[in-house]
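# Architecture and fold: a report
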Amino acid sequence: MSGILHITFAPGLPAVAVDVVSPELEVVGRLMLAGGQTGSVDVPSERSFLRVHLPSGQTLTVQV
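The following paragraphs examine the structure supplied in this document. (Residues numbered from 1 in each chain as written. Predicted model: local features only at pLDDT ≥ 70, side-chain atom pairs only at ≥ 80, totals over all residues. Heavy atoms only, no water.)

## Brief notes about the pattern of salt bridges
We apply this condition: Note on definitions: salt bridges are taken to be side-chain nitrogens of Lys or Arg within 4 Å of carboxyl oxygens of Asp or Glu. Numbering of helices and strands runs from the N terminus, with a helix taken as a DSSP run of H or I at least four residues long and a strand as a DSSP run of E at least two residues long.
In total, this model carries two salt bridges according to the counting rule given. One salt bridge connects Arg30 with Asp19, and the closest N-O pair in it is separated by 3.1 Å. Taken together, the residues Arg30 in strand S3 (residues 27-33) and Asp19 in strand S2 (residues 16-21) connect sequence positions eleven residues apart. Between Arg51 and Asp19 there is a salt bridge whose closest N-O contact spans 3.7 Å. Separated by 32 residues along the polypeptide, Arg51 in strand S5 (residues 49-53) and Asp19 in strand S2 bring together distant segments of the chain. Salt bridges sharing partners connect three or more residues here, namely Asp19, Arg30 and Arg51.

See below:
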């Protein structure tokens, strides 16, 4: 099932790069978001996930 994924960051968070990744491990969208910002990406599946690149250099994977 495809749809639109809405991403919102809480105020006060630092700017981060966010990759939206399909279950087939294809990057379907890239965003740069800071605290209080919102972005939207068309996703091909409910099983898509986020890869958040933190300012520290670490990467966080988030299931949506």
